Amino acid sequence: MNNNGQAIHLKKEILIRLIKAFYTEDFEENTRLIPYDMRPTGAEVPYRCCIYKERAILKDRTIAGLGFQIEEDDERISLTTYAKKALERTEIDNKNLTVLQAACKGCVPSQIHVTELCQGCIARPCQQACKFGAITVKDGKSHIDGSKCKKCKMCLNACPYNAIVKITVPCEDACPVGAIEKDEQSLARIDFDKCINCGRCISACPFGAVHEKSQIIDILKALKSDKKVIALIAPSIAGQFPGNIYQLKTAIMKSGFDDVYEVAQGADITAQNEAKEFAERMESGESFMTTSCCAGYNQLIKKHLPEIKPYVSDTKTPLYYIAEHVKQLYPDAVTVFVSPCVAKRAEGFENENVNFVMSFEELGALFVAKKIEILNLEETPFEKESSKQGRNFGITGGVAQAVKKSSKDEQAVNSMILSGLNKDSIRKLKTYAKNGTCENGCNLIEVMCCDGGCISGNATLNNVKTASKLINQLTEKSDDIKRIK
Amino acid sequence: MSKVKVNVCMGTTCFVMGGSNLQELMEIVPKKYGDKVEVTGSPCLGLCSINWEYSKAPYVKVNDETVVEATVEKVLEAIDKEVEKLN
């Protein structure tokens, strides 16, 4: 979950205000007023130097909420114009992240820095440790020449006074694929050719400067239209709201959707197909297979790890199967996937059966804006009950367990769990692909981009512990996957 | 013996705005204070519809005190104050 407290609170508040504005007579004007309503004249200035800067940043956040790239913002364009453009827009694009310019600037570029604690000692271990000749001593203090420094940290480890520190940039540090870097103006830039949409930068930035580009206005427009709009809810949603998923279905329908399907229903198909595929692959002598349902992992394979592709299951994702099913039933319906993370936005964009993607945060904002009290609602049943294992897909280990339980020979499955894509786990996957085998006799690798699984996706509302507990309450009462036809 | 009463709002607004984390209080409070403090979760307390709306959610009531933008730490602090009054 996104832990940057107040920043995430602001993001949600803006979404709520945008949705409320959408349902007023004058959406454009009320959108323009959002920064002023949140920081009215005379209001306290909690975070920035002055009220004007606060409002400028709130404007940036609103632009992201309206679904535009903040980097392309021309400051002269007012929110009124953006709101109008959002209403007129008929297409969405696949750049799913955007960085707040005004909020980002404060952060110092990543570097090795000599602090005031430097004693200018005679031994000069830092200078000796540096292999690149980047350190000189001037006026009794060590200085690092940034053009020569390779950030190897040898000097940092050598200093007996702990006087040298590494200044990190949280978003850069969090990115597992080196897709985010500060540019010459000290602004973080996302390289979309490299970005796998894992959302780690969103959770990592203490200023909340990285935003998902929202499709909420497009979704609200669909809800207002005569078209049938169907929500496809990710399995991890069961741990995100008060009440149970049957009450949640009622709440979603009350907020304007015509029907709701559990993606867990698709997860059951994924698990069953993947179990068959696994058995076939093992029979033909392959040594291991990895799962294929995490959207961030799939982007990683495509952009950075093509060598692992032969080992990745060809089975489609739960979202693929459920979206296909729903579009067969209602070809003209608009489908909205309700997602724990930004990575699924990329998958949704590439899948013609998925029209829009909405995050848990955005659904929550919709409930707040429409004053929907989930705990007071009746339960509505789903088309089909999903299995215990399908509903557990969003918790680390859940996919491997579902594949195992769907296998004819459960004992043949020896799984390994990679929970959280980072530089280490990516290196491991590279090694397995190179050697053609996994470690410790494992033959099934479950890969999930987020530590702990989808329940810790960047757009989740609940912490991992309580979310797991709530999901367990549901799966305890659900059928085993073997009994699902 | 009178007890400190803690009421955690489990309404949609509070839950969405960060109240989900406050469920941890159900475990932490009994462990820390024993039977001096009674903690319950309840459906919407109605605080979001009075004057602060959602911007100050989540809300927790500690006796008659309302903790706004509640976090586990803030609530524990408020409980400490009330427990002190008992003594």
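In case you missed it, the structure is sitting above this.
The text that follows walks through the structure, step by step, so that each part is easy to find. (Residues numbered from 1 in each chain as written. Chains lettered and ligands numbered in written order. Predicted model: local features only at pLDDT ≥ 70, side-chain atom pairs only at ≥ 80, totals over all residues. Heavy atoms only, no water.)

Notes on the overall build of chain B
Okay, step 1: The secondary structure content of chain B amounts to three helices and four strands.
Okay, step 2: Across chain B, helices and strands are ordered from the amino to the carboxyl terminus as β-α-α-β-β-β-α.
Okay, step 3: A compact globule built from 87 residues would reach a C-alpha radius of gyration of about 12 Å, and chain B, at 12 Å, matches this within 12%.
Okay, step 4: When the backbone C-alpha atoms are referred to their principal axes, chain B occupies close to 35 × 25 × 20 Å.
Okay, step 5: Put simply, 64% of the contacts in chain B that link residues at least 6 apart link residues at least 24 apart.
Okay, step 6: For chain B, the computed accessible surface area is about 4300 Å², with 49% contributed by carbon and sulfur atoms.
Okay, step 7: Side-chain charges in chain B split into 10 positive and 13 negative, and the spacing between the mean points of these groups amounts to 3 Å. (Helix = DSSP H or I, 4+ residues; strand = E, 2+ residues; numbered from the N terminus. Rg over C-alpha atoms; globule rule 2.2 N^0.38 Å. Contact = heavy atoms within 4.5 Å. Areas by Shrake-Rupley, 256 points an atom, 1.4 Å probe, with all protein chains shown as cover. Lys, Arg positive; Asp, Glu negative; His and termini not counted. Charge placed at Lys NZ, Arg CZ, Asp CG, Glu CD.)

So, helix 13 (residues 264–283) of chain A
All names here are of chain A.
Okay, step 1: Compared with an ideal rise of 1.5 Å per residue, which puts 20 residues at 28 Å, helix 13 spans 28 Å between its outermost C-alpha atoms and is within 8% of the ideal.
Okay, step 2: Among all positions in helix 13, only A264, Q265, G266, A267, D268, T270, A271, E274, A275, E277, F278 and R281 are buried.
Okay, step 3: Following helix 13 by one or two positions, G285 adopts a phi angle in the positive range, close to 95 degrees. (Expected span 1.5 Å × (residues − 1). Buried < 20%, exposed > 50% of the residue type's maximum accessible area, 1.4 Å probe, protein only.)

Notes on the interface of chain B and chain A
Okay, step 1: If you look at the interface, chain B gives 20 residues, while chain A gives 28 residues.
Okay, step 2: The closest approach of N and O atoms between K469 of chain A and E27 of chain B, which form a salt bridge, is 2.3 Å.
Okay, step 3: The interface formed by chain B and chain A holds 10 residue pairs in polar contact (both at pLDDT 80 or more) in total.
Okay, step 4: Among the elements that take part in the side of chain B that touches chain A, helix 1 (residues 12–16) of chain B stands out by supplying four residues, more than any other. (Salt bridge = Lys/Arg side-chain N within 4 Å of Asp/Glu carboxyl O. Polar contact = N/O pair within 3.5 Å; in protein donor to acceptor, adjacent residues only side chain to side chain.)

Looking at the sheet that holds strand 10 (residues 259–262) of chain A
Residue and element names in this part refer to chain A.
Okay, step 1: Here we have four strands laid out as an open sheet, ordered 10-9-12-13, and parallel in their pairing. Pairing within the sheet leaves two strands with one partner each, and these edge strands are strand 10 and strand 13 (356–359). Each strand of the sheet is rotated relative to its neighbour by a mean of 30 degrees, with strand direction disregarded.
Okay, step 2: Contacts from helix 16 (residues 343–350) reach strand 12 (334–339) and strand 13, with the element oriented near 165 degrees to strand 13. (Pairing = 2+ DSSP bridges. Axes fitted to C-alpha atoms, helices over the stretch in contact; angles between N-to-C directions.)

Thoughts on the pattern of salt bridges
Okay, step 1: Per the stated rule, a full pass over the model turns up 29 salt bridges over all chains.
Okay, step 2: Ionic pairing is found between E69 of chain B and K56 of chain B, a salt bridge with its closest N-O pair at 3.8 Å. With E69 of chain B in the loop between strand 4 (65–67) and helix 3 (72–86) and K56 of chain B in the loop between strand 2 (37–42) and strand 3 (60–62), this residue pair connects regions lying 13 residues apart in the sequence.
Okay, step 3: With relative accessibility at 31%, the residue K56 of chain B sits in the partly exposed group.
Okay, step 4: Ionic pairing is found between K85 of chain B and E82 of chain B, a salt bridge with its closest N-O pair at 3.0 Å. Of this pair, K85 of chain B and E82 of chain B both sit in helix 3, three residues apart, roughly one helical turn.
Okay, step 5: Sharing partners across several salt bridges, the network here consists of E277, R281, E286 and D314 of chain A.

Structural notes on the sheet that holds strand 14 (residues 415–419) of chain A
Hydrogen bonds between backbone atoms are what pair the strands of a sheet, whose relative direction is either parallel or antiparallel.
Residues and elements named next belong to chain A.
Okay, step 1: Taken together, three strands build an open sheet; the order of strands is 11-15-14 and the sheet is parallel. The sheet is open, and its two borders are formed by strand 11 (289–290) and strand 14, each paired with just one other strand.
Okay, step 2: Judged from the five bridges that link them, strand 14 and strand 15 (residues 444–448) form a sheet pairing that is parallel. Counterpart to S419 in the pairing with strand 15 is M448.
Okay, step 3: Where helix 19 (residues 398–406) meets the sheet, it contacts strand 14 and strand 15, and its direction lies at approximately 145 degrees from that of strand 15.

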